[in-house]
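Here is what each chain is made of, one letter per residue.
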Amino acid sequence: MFNAWTQIFKRDLLIAFRRRSEIIHPLIFFVMVISLFPLAIGDDKVLLQKIAPAILWVTALLATMLSLDNLFRSDFEDGSLEQMTLLKTPLSFLVTAKIAAHWFITGLPLILITPLLAVLLYLPSESISMLLLTLLLGTPTLSLIGAVGIALTVGLRQGGVILSLLILPLYIPVLIFATLAMQNVEQGFSAEAQIAMMIAILVLAITLSPFAIAAALRVSLN
Amino acid sequence: MEKQYSFTADLEVKNLACLRNEKVLFSGLNVSISPKSVLFLQGENGSGKTSLLRILCGFRLPDEGEVSWGNQVITSLPEYFQNISYVGHKNGIKDELTVEENLNLMRSMATASDIKTEFVLKQIGLFKQADVLSRQLSAGQKRKLALARLMMTENSFWILDEPFTSLDKASVVFFETLIKEHIKRGGMLILTSHHDIDLSGLSVNHFSLSN
């Protein structure tokens, strides 16, 4: 069972490595959009600092959604998905391998590049560590929730718009707790409650979404 | 005598119906297949051959009726699905992986046969292309790679949808031999094909789907 999981994980990393542009595009999108804000707002340090958490988080959210688009598409189109449903290992378990690999190649680089962009927005250093923590807890949740929407729309020709209507509302709780945590830290309060909530949402997403994803993929195959 | 398959049973399709785009493709379909035999589905384009195969693979749910494997309904029998080797219209191979990587992947995911990858590569005539990305293969070579899936596992139930599309004559002969060996070992096969296939010496049930 775990062998198949590792195989899928390794396969997806290898494929991503051979098709690098798909990893890099969301990352470039992330960097570009964020660097547009200082250009548009001008050298208003106070304002930038104030809205920096919102900018970083909303952009991270959009970049995640953009990167998810190809999560199941190629497997769906080349028939690998059909083969995956015929395996001994449950589909709900295998999809976690795909999502883990996907987060590894899109979520992780995004987090690594964030400190640089945070400096661009004059975010104080103590907020940066909180930003990284919220992203570390939040982006896997975004991937898991987004994957449900992707799985549902993978069989449609123009799933893009429906997808954003479908999953953006579900991203709201994560966004609220993440930005609230950062506001609290900036004002010198503790963000424990928000972090605990984010962990809870992540645990919930890890335990429930694989089943929803597998069911949605089967619907798409039908 | 070659090693016989251990997991086999009769497959029975009872009163099956399938709708597509609100039109009845087929209904009241009854057919069965037992180990050591071939079910050859025939019918014109759009008569529901592929849909029937997809129902048997569990990709589609029947709109009416049921499919049973050894008197058990397949939906409650995960072992049934694990025992299927399916080659459909889509090849199920990854373009970004090399030929050898694709083969090893097929093996590692299922109950593997003890056949060597190198041997399979030689058999299907892709030994020289082992390190070539599958994307660079021709349509026929890709099809051969997809069909090589049949050799990598110990599954006793093969479902093939137009398996010989774009294959050259020598490859067709090779896979016909493979099918014969499979049936002799107690395997089962359901296939559709518009090509003439030499299945002489096997017990073949020609079943026609007509609108």
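Residues numbered from 1 in each chain as written. Chains lettered and ligands numbered in written order. Predicted model: local features only at pLDDT ≥ 70, side-chain atom pairs only at ≥ 80, totals over all residues.

The next thing to look at is the overall build of chain B. Each helix and strand counted, chain B has 7 helices and 9 strands in total. Taking 211 residues into account, the globule formula puts the C-alpha radius of gyration at 17 Å, and chain B, at 17 Å, falls close to it. Along the three orthogonal principal directions, the C-alpha set of chain B runs to about 50 × 40 × 35 Å. Looking at chain B as a whole, 39% of its 211 residues qualify as buried. (Helix = DSSP H or I, 4+ residues; strand = E, 2+ residues; numbered from the N terminus. Rg over C-alpha atoms; globule rule 2.2 N^0.38 Å. Buried ≥ 20, exposed ≤ 12 C-beta atoms within 10 Å, placed from the backbone.)

Turning next to the overall build of chain A. When you go through chain A residue by residue, the secondary structure sums to 9 helices and 0 strands. Counting from the amino terminus, helix and strand elements in chain A follow one another as α-α-α-α-α-α-α-α-α. The C-alpha atoms of chain A give a radius of gyration of 18 Å, which matches the 17 Å a tight globule of 222 residues would have. Each of the three principal axes of chain A carries a C-alpha extent, and together these read 55 × 35 × 30 Å. Classification of the 222 residues of chain A by burial places 40% in the buried group.

What follows is about the sheet that holds strand β4 (residues 64-69) of chain B. All names here are of chain B. A sheet is described by the order of its strands in space; here 4 strands give the open sequence β2-β1-β4-β5, paired in antiparallel fashion. In this open sheet, the two strands that pair with only one neighbour each are β2 (23-33) and β5 (72-73). Bridge count between β4 and β5: 2 bridges; the pairing is antiparallel. Along β5, the bridge assignment pairs Ser68 with Val73. Along the sheet, helix α1 (residues 49-57) makes contact with β1 (11-20), β2 and β4, crossing β1 at roughly 120 degrees. (Pairing = 2+ DSSP bridges. Contact = placed C-beta atoms within 7 Å. Axes fitted to C-alpha atoms, helices over the stretch in contact; angles between N-to-C directions.)

All names here are of chain B. Pairing is parallel across the open sheet formed by 5 strands, whose spatial order is β6-β7-β8-β3-β9. Two strands close off the open sheet at either side, each with one partner strand: β6 (84-87) and β9 (203-208). Taken over all neighbouring pairs, the strand axes of this sheet differ in orientation by 15 degrees on average, direction set aside. Against the sheet, α1 touches β3 (37-42), β6, β7 (157-161) and β8 (188-192), its axis set at about 150 degrees to β7.

Residue and element names in this part refer to chain B. Mapped onto the secondary structure, Thr111 falls in the loop between α3 (99-108) and α4 (117-123). For Thr111, a count of 13 C-beta atoms within 10 Å gives the class partly exposed. Residues Thr111 and Tyr5 lie 106 residues apart in sequence; the distance between their C-alpha atoms is 12 Å. When residues no more than four places from it in sequence are discounted, the contact partners of Thr111 are Thr153 and Glu154.

On to the domain arrangement of chain B, then. By the assigned domains, chain B splits into domain 1 (9-83 + 159-211) and domain 2 (90-155). Partitioned by chemical class, the residues of the side of domain 1 of chain B that touches domain 2 of chain B number 4 nonpolar, 4 polar and 1 charged. (Domains from an automatic or database assignment. Nonpolar A, V, L, I, M, F, W, Y, C, P; charged D, E, K, R; others polar.)

All names here are of chain A. In the contact formed by helix α7 (residues 125-153) and helix α8 (residues 159-186), the axes pass within 9 Å of each other and the chain directions differ by 160 degrees. On the basis of the axis angle, α7 is roughly antiparallel to α8. The hand of the α7/α8 crossing is right-handed. (Parallel < 35°, antiparallel > 145°, perpendicular 65-115°, else oblique. Left-handed = near helix turned anticlockwise from the far one by under 90°.)

Here the focus is the nonpolar core. By size, the foremost hydrophobic cluster in this structure holds 113 residues, and its most contacted members are Leu56, Ala147 and Ala151 of chain A together with Ala148, Ile159, Leu189 and Ile190 of chain B. Looking at this core element by element, the count peaks at 13 residues for α7 of chain A. Domain assignment of the residues forming this core places at least three in each of domain 1 (9-83 + 159-211) and domain 2 (90-155) of chain B. For Leu56 of chain A, the residues in contact, after removing those within four places along its chain, are Ile34, Thr114, Leu117, Ala118 and Leu131 of chain A. (Core = buried A, V, L, I, M, F, W, Y, C linked by C-beta atoms within 7 Å.)

Right, let's get into the confidence of the model for chain B. Averaged over all residues, the pLDDT of chain B equals 90, while 99% of them reach at least 70. The complex model carries a pTM of 0.91, and its ipTM stands at 0.90. (pLDDT = per-residue confidence, 0-100.)

The subject of this paragraph is the environment of Ala151 of chain A. All names here are of chain A. One can find Ala151 in helix α7. Classification of Ala151 by C-beta neighbours within 10 Å gives buried; the count is 24. Measuring from C-alpha to C-alpha, the distance between Ala151 and Val219 comes to 8.7 Å, with 68 residues separating the pair along the chain. Excluding residues within four positions of it along the chain, Ala151 makes contact with Phe72, Ile213, Ala216, Leu217 and Ser220.

On to the interface of chain A and chain B. Facing 19 residues of chain A, the contacting portion of chain B comprises 22 residues. Of all the secondary-structure elements, those providing two or more residues to the side of chain A that touches chain B are α1 (2-18) and α5 (80-85) of chain A. Among the elements that make up the side of chain A that touches chain B, the one with the highest residue count is α1 of chain A (7 residues). Classifying every residue of the side of chain A that touches chain B by side-chain character gives 6 nonpolar, 7 polar and 6 charged.

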